[in-house]
Amino acid sequence: PLARAVELNPNLPDALHDYAHWRWYNLGPDGVGDLYRRALDLDPLNVVRYAALGSFLALNDEYDEARDVVRRMQSLFDSPTAYRAIADVLDQLGDVDRSIAWTIKARDAEPGNPLHVEKLAEYYVDIGDYETARGLVPDLGVGLLFKMRRYDEMIDEAEFLMIEYPEDVELRVYLSIAYGAVGRFDDAIRIISESGLLDSLANAWRGPREWEGYWSVMNAALGSGETERAR
């Protein structure tokens, strides 16, 4: 249906954007950049178009063009949404210090939005400044606990969340990695094997979540001495 929407109206930015997103996550990156560029050309004052293209370029190693997209956002937009979009693309380019600066700018411009504070805490964890992160978010969630390698605490929280959200594939993958990190190899294998994720590896395009789950199971098999299973 998304391809048909683009066929019917090749000048509809939303259709181009949504079709690009679908192709990227289901078929791979081929042709996706051109779709995002067309959406941006048709809708050049929408920060979402820049953010989508910038993220795609950064995650597919087209760094120079991604930085150009960041510069264009900086010159065109002045809002918390734009500051966060700039920070996200810079993070994907590995420039976390500048991501922190732009997220602080977003927080200061919109102090009532807790999402800015949570993202800021995550960036501080990324650079190893755990004390500042804890000062921003005293009640650390699963994601921050995982990044801080506090695996036992993360597992306790994640297991509870799995009861409520058993369909959350991302949560399963990171719980599997945490199990492996503390030596619970059977649990690491089980939590992925029950998800159907390994079947998707064999029958669909392999996205980053699938690969992380795949490596987690393989590492757990090696850790438990099941060399043949790992192979």
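Here the structure is a predicted model, which is why all the values come from computation and not from measurement. (Residues numbered from 1 in each chain as written. Predicted model: local features only at pLDDT ≥ 70, side-chain atom pairs only at ≥ 80, totals over all residues. Heavy atoms only, no water.)

Helix and strand counts for the protein come out as 16 helices and 0 strands. In terms of overall dimensions, the protein has a C-alpha envelope of 55 × 45 × 35 Å along the principal axes. When the 231 residues of the protein are sorted by exposure, 39% land in the buried category. Relative to all contacts within the protein whose residues are 6 or more apart in sequence, the contacts with residues 24 or more apart total 41%. (Helix = DSSP H or I, 4+ residues; strand = E, 2+ residues; numbered from the N terminus. Buried < 20%, exposed > 50% of the residue type's maximum accessible area, 1.4 Å probe, protein only. Contact = heavy atoms within 4.5 Å.)

A few words on a negative patch on the surface. Together, Asp 139, Asp 152, Asp 156 and Glu 157 give the surface a local cluster of negative charge. Within the element layout of this structure, Asp 156 appears in helix H11 (residues 151-164). Classification of Asp 156 as exposed rests on a relative accessible area of 55%. (Patch = residues over 30% accessible without salt bridge, like charges linked within 9 Å, V, L, I, M, F, W, Y side chains within 5 Å. Areas by Shrake-Rupley, 256 points an atom, 1.4 Å probe, with all protein chains shown as cover. Salt bridge = Lys/Arg side-chain N within 4 Å of Asp/Glu carboxyl O. Lys, Arg positive; Asp, Glu negative; His and termini not counted. Charge placed at Lys NZ, Arg CZ, Asp CG, Glu CD.)

Our next topic: the packing of aromatic side chains. In the structure shown here, the tally under the stated rule is 10 aromatic pairs. Where Tyr 36 meets Phe 56, the ring centres are 6.0 Å apart and the plane angle is 55°; that geometry is what we call tilted. Pair noted here: Tyr 36 is in helix H3 (residues 32-42) and Phe 56 is in helix H4 (residues 47-59), with a separation of 20 residues, a long-range link. The burial state of Tyr 36 is the same as that of Phe 56; both residues are buried. Following the ring pairs from residue to residue traces out a cluster consisting of Trp 24, Tyr 25, Tyr 36 and Phe 56. (Phe/Tyr/Trp six-rings, centres within 6.5 Å; stacked < 30°, edge-to-face > 60°.)

What follows deals with the environment of Ile 100. Summarising the element assignment, Ile 100 is placed in helix H7 (residues 96-109). Residues contacting Ile 100, with those up to four places away along its chain left out, are Leu 120, Tyr 123, Tyr 124 and Ile 127.

Attention shifts here to the nonpolar core. Of all hydrophobic cores here, the largest spans 69 residues; its most connected members are Tyr 36, Met 73, Met 154 and Leu 175. No other element matches the 8 residues that H4 contributes to this core. With residues near it in sequence (within four places) discarded, Met 154 still touches Val 142, Leu 145, Phe 146, Tyr 174, Leu 175 and Ala 178. (Core = buried A, V, L, I, M, F, W, Y, C linked by side-chain atoms within 4.5 Å.)

To continue, consider the pattern of salt bridges. The tally for this structure, following the rule as stated, stands at 19 salt bridges. For Arg 229, the salt bridge is made with Glu 226, and the minimal N-O distance between the two is 3.5 Å. With its nearest N and O atoms 2.8 Å apart, the salt bridge here joins Arg 231 to Glu 228. Of the two residues, Arg 231 and Glu 228, both sit in the exposed class. Residues participating in the shared-partner salt-bridge network are Glu 159, Arg 184, Asp 187, Arg 190 and Glu 194.

Keep in mind that these numbers describe shape and distance, not what the molecule does.
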